[in-house]
Amino acid sequence: MPDRSCSKLLRALLPLLAAAGCDGCPSSRPYTPYTLGSAAPSGSPPPLSGVGPGAATAGPEADAGAPDAAAPRFAVVPSVPAPEGGKRWPLEGGPVAAAPTGRTFETGLLLDVDGDGARDLVAWARSPDGLRGELLLAPAARPQALRTLAALPGDLDAQGCTPRVGLSQIGPSALAFDFAPQCGGARRGAAGTGATRWIAVIRLPGPAAGAGAPPELALELRLRAPPAEEALSASLEVADRDADGRDDLIVSVGIEGALRPFPAPAGAASEVRAPLVFLDRPAGLSRDAAQPGEALRALAASLLRDARGKSTAPAVPAAAQRLRRFHAALCADAESGAGATTGRDAARAGEALVWTGAGPVRCGEPGLAAAIDHAEAVAASTRGAPIAAIAALDRGGAEGRTKEDGKLVAKLAPPATAAAVYRTAAAPQPTRTGAFGPLAFEASGALLVRTAQGVVRVDTATSTESATDIPPWPAAVHAGPAELVAVERRCDAPTLLALFRSSPDAVGEMEVPLPLLRGQGPRARPGAAAPERCAGTERLPFVPLAASERGFDIALGAALISIDLRAAAPASSALSFPLTTPAPQGAARSPDGATLAIPAAGGLLVATAGGAARLWTGGDLAQATACAPANGGARVACVAGAAAVIFEAK
């Protein structure tokens, strides 16, 4: 019979789901979780909580009749500091365990490991710098016969950090050792530069193993340090998840905080969690493939429910970004060969912060990114923000769009067929991507074309083209002395980056993180699928919308972004339509600034403040670049080949 309490938890938000670690079957013997945080104070590990995993979920959803409601808890047993300066550790009855040459005992546990009735020693023996060491067993009967249970991997990068270690008995037959390098700000300034945390779970032999059976290393976990704005944590819980009489291991992974420039969440929404479940089998621990996929699907479903409510929809974009970030940090599902993921999920390859001894975590949820995007689009639609909705649906490209997504795109931006009504003889001046284009409408409806020789006015009413004395507008995107150079996707940065020069003679470029994760934003080659693994640096196409002393407004696909240069540390944020900044010549906006025309959703998205957005396709529009709309959006001019083409929609 399905467990009713588990079903309720799966319908709840993440804090409820993760706190209980619900993944299918209820635990028949829950124990106090042992928590491992990535941002902990120096010194000894924090005291372990005495609250069981079910306590956090008490409330209307709790099922008082659940069979494990009154089950006894296992009180986590923390280790104690080594006596006698760590060189010798006296055992009960007089035997003494001596630390190996070049090592010093730091912390340990006394417990009967081999079932002979005498308490043995399990201790961490470290090198003088604390960055190397082994977890050792000294049997009470032969304390000189030290046995290595687990050795700190030699490839852990902890130089320049202060190690913090913890050792605890977390269940009747399980120990957890936690090696956590504490690093300064410079060490954790960016993703991938912080040291890696290492957790080893030791399984003790049960009575069935017979006297003298040795403990064994059951599981290794690695938690790579996230950027300084975030904290990664893991809690370990021992419980019989599948009711086979053997204690299984639940690792609840969580991430809190927010990458710059995303706003920091507050309260319960600050942390996102999901469980990894390892079932105890005779051959060792075996990961339950149902998790964390089941938890992630439940979170995406919760987002969609909130997206449909007018009072809850405004909070969905921030929650969606937190879930995307958590998915990227926890899961690494891009593989080569058969079964490879593509599009949205493949762009996340290499971002995973959590690894087991068997490698990165494969969550098996190739449709999760699309589900999150869909929820965010529905929320934007509920809020009456069609361009934001198109931006969410456009992240995976047209090839990754579901039928539901297609219907929503058609509702938000009804399709229109573009037809060319005029092709100029004047040749627009070639312009690089990300610069102000060579076309601009005048309020009268005439088109200005910036050529290599000057500015030509095109009067379509009379089909005449004539030279003017209008000064050519600059192609470079300047905000005062600063110039916007590029937008990049880099493997070493979790968000997209805008690059700008602070002045024409500045050496090097400055970076501003953008409010889009690395897997978001258009591809360098529009329409191309995301690569299976991140490779080097990719410069992305973007469309400038405005530039002033304040900063820049740009479009990355349909995502509108403002970059503010006024503060000492430049910042960026999502931009709402309609824009309030003046429209410079060559921008993808009409002279009055109320209409924009940007490549998105497989066509040209033409939107006017107070009017409907439409998705133009057809004709030469697929190969057109540097588009600029007229007031009202009835006409759009684009560069196509060596000419400027004026389009109208039918």
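Residues numbered from 1 in each chain as written. Predicted model: local features only at pLDDT ≥ 70, side-chain atom pairs only at ≥ 80, totals over all residues. Heavy atoms only, no water.

Considering the overall build of the chain
Thought 1: Secondary structure summary: the chain contains 7 helices and 39 strands in total.
Thought 2: Counting every position in the chain, which comprises 650 residues, the buried fraction comes to 54%.
Thought 3: For the chain, long-range pairs separated by at least 24 residues make up 58% of all intrachain contacts whose partners lie at least 6 apart in sequence.
Thought 4: Put simply, the chain shows about 26,800 Å² of open surface, and 56% of that area lies on carbon and sulfur atoms. (Helix = DSSP H or I, 4+ residues; strand = E, 2+ residues; numbered from the N terminus. Buried < 20%, exposed > 50% of the residue type's maximum accessible area, 1.4 Å probe, protein only. Contact = heavy atoms within 4.5 Å. Areas by Shrake-Rupley, 256 points an atom, 1.4 Å probe, with all protein chains shown as cover.)

A look at the sheet that holds strand S23 (residues 455-459)
Thought 1: The sheet built from 4 strands is open, its strands ordered S21-S22-S23-S24 with antiparallel pairing. Of all strands in the sheet, those with a lone pairing partner are strand S21 (439-441) and strand S24 (464-467), marking the two edges. Between one strand and the next, the sheet's axes are offset by a mean angle of 25°, whatever the strand orientation.
Thought 2: Sheet topology places S21 next to strand S22 (residues 447-450); 3 bridges connect them, and they run antiparallel. Counted as the bridge partner of Phe 441 is Leu 447 from S22. (Pairing = 2+ DSSP bridges. Axes fitted to C-alpha atoms, helices over the stretch in contact; angles between N-to-C directions.)

Here we look at the state of the cysteines
Thought 1: Taken as a whole and assessed by the stated rule, the structure comprises 2 disulfides.
Thought 2: A sulfur-sulfur separation of 1.9 Å characterises the disulfide bridge that pairs Cys 331 with Cys 363. Because the sign of the S-S torsion sets the handedness, a value of about -85° for the bond joining Cys 331 and Cys 363 places this disulfide among the left-handed ones. Residue Cys 331 is found in the loop between helix H4 (316-330) and strand S18 (354-356), and its partner Cys 363 is found in the loop between strand S19 (359-360) and helix H5 (368-382); the two are separated by 32 residues along the sequence. For the pair shown, Cys 331 and Cys 363 are each scored as buried.
Thought 3: The residue that forms a disulfide with Cys 627 is Cys 638, at a sulfur-sulfur distance of 2.0 Å. Measuring the twist about the S-S bond at about 110°, one finds the Cys 627-Cys 638 disulfide to be right-handed. Highlighted residues: Cys 627 in strand S37 (residues 625-629) and Cys 638 in strand S38 (residues 635-640), separated in sequence by 11 residues. (Disulfide = S-S within 2.5 Å.)

Concerning the pattern of salt bridges
Thought 1: Enumeration over the complete set of coordinates arrives at 31 salt bridges.
Thought 2: A salt bridge links Arg 119 to Glu 92; its shortest N-O distance comes to 2.7 Å. Linking Arg 119 in the loop between strand S6 (104-111) and strand S7 (120-126) with Glu 92 in the loop between strand S4 (88-90) and strand S5 (96-98), this pair joins segments that are 27 residues apart in sequence.
Thought 3: Judged by its relative accessible area of 44%, Glu 92 falls in the partly exposed class.
Thought 4: A salt bridge links Arg 126 to Glu 106; the shortest N-O distance between them is 3.1 Å. Note that Arg 126 is positioned in strand S7 and Glu 106 in strand S6, a separation of 20 residues in sequence. (Salt bridge = Lys/Arg side-chain N within 4 Å of Asp/Glu carboxyl O.)

Details of the packing of aromatic side chains
Thought 1: Counted according to the given criterion, the structure contains 4 aromatic pairs.
Thought 2: Arranged with centres 6.3 Å apart and planes meeting at 55°, the rings of Trp 124 and Phe 179 form a pair that is tilted. Taken together, the residues span a long stretch of sequence, with Trp 124 in strand S7 and Phe 179 in strand S11 (residues 174-182) at a distance of 55 residues.
Thought 3: Given a relative accessible area of 0%, Trp 124 falls into the buried group.
Thought 4: Judged by relative accessible area, which is 1%, Phe 179 ranks as buried. (Phe/Tyr/Trp six-rings, centres within 6.5 Å; stacked < 30°, edge-to-face > 60°.)

Focus: the sheet that holds strand S33 (residues 571-574)
Thought 1: Strand order across the open sheet formed by 4 strands is S30-S31-S32-S33, with antiparallel pairing between neighbours. Two strands bound the open sheet, and with one partner strand each, they are strand S30 (543-548) and S33. Each strand axis lies, on average, 20° off the axis of its neighbour in the sheet, ignoring direction.

Here we look at the environment of Arg 432
Thought 1: When you line up the elements, Arg 432 lands in the loop between strand S20 (415-423) and S21.
Thought 2: Separated by 43 residues in the primary sequence, Arg 432 and Ala 475 have C-alpha atoms spaced 8.5 Å apart.
Thought 3: If sequence neighbours within four positions are ignored, Arg 432 has contacts with Glu 483, Leu 484 and Val 485.

Side note on helix H3 (residues 293-307)
Thought 1: Taking 1.5 Å as the rise per residue, H3 with 15 residues should run 21 Å; its terminal C-alpha atoms sit 21 Å apart, in good agreement.
Thought 2: Judged by how many residues are buried, H3 sits mostly within the fold: 11 of 15 residues are covered.
Thought 3: Three or more residues of H3 are buried, namely Gly 293, Glu 294, Ala 295, Leu 296, Ala 298, Leu 299, Ala 300, Ser 302, Leu 303, Leu 304 and Ala 307. (Expected span 1.5 Å × (residues − 1).)

A few points about the environment of Ala 329
Thought 1: Residue position: Ala 329 is located in helix H4.
Thought 2: Separated by 74 residues in sequence, Ala 329 and Ile 255 have C-alpha atoms that sit 8.4 Å apart.

Thoughts on the packing of H3 against H4
Thought 1: Direction vectors running N to C along H3 and H4 enclose 165°, while the axes themselves pass 10 Å from each other. In this view, H3 runs roughly antiparallel relative to H4, as classed from their interaxial angle. Here the hand of the crossing between H3 and H4 comes out left-handed. Where H3 abuts H4, its residues Leu 296, Leu 299, Ala 300, Leu 303, Asp 306 and Ala 307 lie against Val 316, Ala 319, Ala 320, Leu 323, Phe 326 and His 327.
Thought 2: Here the residues of the contact of H3 with H4 sort into 10 nonpolar, 1 polar and 1 charged. (Parallel < 35°, antiparallel > 145°, perpendicular 65-115°, else oblique. Left-handed = near helix turned anticlockwise from the far one by under 90°. Nonpolar A, V, L, I, M, F, W, Y, C, P; charged D, E, K, R; others polar.)

Quick notes on the confidence of the model for the chain
Thought 1: When the pLDDT values of the chain are averaged, the result is 82; 80% of them are 70 or greater.
Thought 2: The low-confidence segment residues 1-32 (pLDDT under 50) makes 97 contacts with residues lying over four places distant or belonging to another chain. (pLDDT = per-residue confidence, 0-100.)

Re the pairing of S11
Thought 1: Counting buried positions over the 9 residues of S11 gives 9, a clear majority of the element.
Thought 2: On S11, burial covers both faces: Ala 174, Ala 176, Asp 178, Ala 180 and Gln 182 on one face and Leu 175, Phe 177, Phe 179 and Pro 181 on the other are all buried.
Thought 3: Pairing of strand S10 (residues 162-171) with S11 involves 9 bridges; the strand directions are antiparallel. By the bridge assignment for S11, Leu 167 is matched with Phe 177.
Thought 4: Hairpin geometry of S10 and S11 is characterised by an intervening segment of 2 residues between the two adjacent antiparallel strands.
Thought 5: Relative to strand S12 (residues 196-203), S11 is paired through 6 bridges, and the arrangement is antiparallel. Across the sheet, Ala 174 pairs through a bridge with Arg 203, a residue of S12.

Here we look at unusual backbone geometry
Thought 1: For the bond from Arg 260 to Pro 261, the omega torsion is 15°, close enough to zero to count as cis.
Thought 2: Tracing the backbone through its elements, the reader meets Pro 261 in the loop between strand S15 (248-257) and strand S16 (271-281).
Thought 3: In this structure, Pro 578 follows Phe 577 across a cis peptide bond, with omega equal to 5°.
Thought 4: Within the secondary structure, Pro 578 sits in the loop between S33 and strand S34 (595-600).
Thought 5: Positive phi, close to 55°, is recorded for Ala 243, a residue that is not glycine.
Thought 6: Among the structural elements, Ala 243 can be located in the loop between strand S14 (230-239) and S15.
Thought 7: What makes Ala 243 exposed here is its relative accessible area of 64%.

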